[in-house]
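Observations on the three-dimensional arrangement
Read off the chains here:
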Amino acid sequence: MQNTIKIHQFIEFSLSQVREKIGEILGGEVISICGSIDQGLDNMIYRDIEALKKQKGELSERLVVMIATSGGFVDVVERICNIFRHNFEVVDFIVPNCAYSAGTVLVLSGDNIYMDYHSVLGPIDPHIRDNKGRWIPGARYLHQYDKLTGKSGEGNLTDAELSSLAEDVDPADIFAVKQATERSKELIKKWLVDYKFKNWTTTATKKQNVTLEMKKRRAESIVEILGNTSRWHSRGYGITMRELRDGDIHLAINDYGERKELGESIRRYGSLLDSHHYKRNAQCALHSANGFTRLT
């Protein structure tokens, strides 16, 4: 038991050192989110940042958020973004591995996004908990519902499918999924214009002045692509840095792999955080200058 405690203490000490190094390189306060974006995470972040303010007196203008998540609730994402923006002028995100679903929505609220060839975001596909306590991937749920109701309208529904439609599909869940999906899209469109595109003043090729309407159209285009479930097929599809940068998405991403010291620090920190988080069996962990806070 004593050896286990010492190992945890050593890992947390190492994490703090690497976190501080990343903060020095990027010039900001660094916090990390590892796990699901569930109810209560927003309150954890609020308390942590308020504690940092009391401890330091004055916070940096820049917040750097390292995130690894399979997703969660979009309303929690919105509250987290509001907390970040109330306290920091610039908010950047680092994705060392993956940030799916609601995690993608949060990352797209950033001024700058750091990824490497291994990092992925996901399609816009928020999920909810149904009345049985199960997680529902939104797009797949809606697709199945549309498929069953379509077959029902044609009179081709089997007894098993009829039973599934009656027992497993709740109109309230359908409404909640649609609402969460639309809210995610609206938030991304607003946040891209307000933050990601705020310093986009001229086009890359023709050097034309960029207007507000151009920013809005670009944001709508990105949302339409990321929300196209027939293109991505699954909420678990990993959209790489190359796919985000190139082709029709064309989103500016910083490749941290091109900066040796930064890349090595992020990979070390991400590996330590991942291992430590799962060994402690926490639903979600927050790491900052205040140490660890866990949501169980």
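Look above for the structure.
Let me sum up the structure you'll find in this document. What you see is a predicted model, and the numbers here were worked out from it, not measured in a lab.

Once that is clear, we can look at the overall build of the protein. Within the protein, the secondary structure is distributed over 11 helices and 12 strands. Accessible surface, the protein: about 15000 Å² in total, of which carbon and sulfur atoms supply 48%.

Its identity as a non-glycine residue notwithstanding, Lys207 has a phi of 55°, on the positive side. Inspection of the secondary structure assignment puts Lys207 in the loop between helix 7 (171-196) and helix 8 (212-226). Using a relative accessible area of 58% as the deciding quantity, one classes Lys207 as exposed. In this structure, His250 takes a positive phi of about 50° despite not being glycine. With a relative accessible area of 53%, His250 lands in the exposed category.

The buried fraction of strand 2 (residues 62-68) is high, at 6 of 7 residues. In terms of strand pairing, strand 1 (residues 29-35) meets strand 2 through 6 bridges, oriented parallel. Paired with Ile33 across the two strands is Ile67, which belongs to strand 2. After leaving strand 1, the chain enters helix 2 (residues 41-56) and then returns to the sheet as strand 2, a path that is right-handed. Pairing of strand 2 with strand 3 (residues 90-94), which is carried by 5 bridges, proceeds in the parallel orientation. Bridging across to strand 3, Val64 finds its partner in Asp92. Since strand 2 and strand 3 lie parallel, the crossover through helix 3 (residues 74-87) that links them has a hand, and here it is right-handed.

As a further point, take the pairing of strand 12 (residues 291-295). Across 5 bridges, strand 11 (residues 284-288) lies against strand 12 in antiparallel orientation. Its bridge partner lying in strand 12, Ser288 is registered against Gly291. Hairpin remark: strand 11 followed by strand 12, antiparallel, with 2 residues in the connecting loop.

The mixed open sheet is built from 3 strands, whose spatial order is 4-6-9. What marks the edges here is a single partner per strand, and that holds for strand 4 (98-99) and strand 9 (239-240). Here strand 4 pairs with strand 6 (residues 120-121) via 2 bridges, running parallel. Residue pairing for strand 6: Ala99 is matched across the bridge by Leu121.

Counted under the stated rule, the structure contains 2 aromatic pairs. Measuring from ring centre to ring centre gives 6.4 Å for Phe84 and Phe93, while their planes differ by 55°; the resulting arrangement is tilted. The two residues Phe84 and Phe93 agree in class, both being buried. Relative to Trp200, the ring of Phe197 has its centre 5.3 Å away and its plane inclined at 65°; by these criteria the two rings are edge-to-face.

The next thing to look at is the sheet that holds strand 3. Taken together, 7 strands build an open sheet; the order of strands is 10-5-3-2-1-11-12 and the sheet is mixed. Here the strands that pair on one side only, and so sit at the sheet edges, are strand 10 (254-255) and strand 12. Sitting on the sheet, helix 2 touches strand 1, strand 11 and strand 12, and the angle it makes with strand 11 is about 15°. Seen against the sheet, helix 3 touches strand 1, strand 2 and strand 3 and runs at an angle of roughly 130° to strand 3.

Within the fold, Arg218 resides in helix 8. Sequence separation of Arg218 and Phe197 is 21 residues, and the distance between their C-alpha atoms is 9.4 Å. Setting aside residues up to four positions removed in sequence, Arg218 forms contacts with Phe197, Trp200, Asp248, Ile249 and His250. Within the local environment of Arg218, its side chain forms a polar contact with the backbone oxygen of Asp248, the two atoms lying 3.2 Å apart.

Conventions we followed
Residues numbered from 1 in each chain as written. Predicted model: local features only at pLDDT ≥ 70, side-chain atom pairs only at ≥ 80, totals over all residues. Heavy atoms only, no water. Helix = DSSP H or I, 4+ residues; strand = E, 2+ residues; numbered from the N terminus. Areas by Shrake-Rupley, 256 points an atom, 1.4 Å probe, with all protein chains shown as cover. Buried < 20%, exposed > 50% of the residue type's maximum accessible area, 1.4 Å probe, protein only. Pairing = 2+ DSSP bridges. Right-handed = clockwise from strand over helix to strand, strands pointing away. Phe/Tyr/Trp six-rings, centres within 6.5 Å; stacked < 30°, edge-to-face > 60°. Contact = heavy atoms within 4.5 Å. Axes fitted to C-alpha atoms, helices over the stretch in contact; angles between N-to-C directions. Polar contact = N/O pair within 3.5 Å; in protein donor to acceptor, adjacent residues only side chain to side chain.

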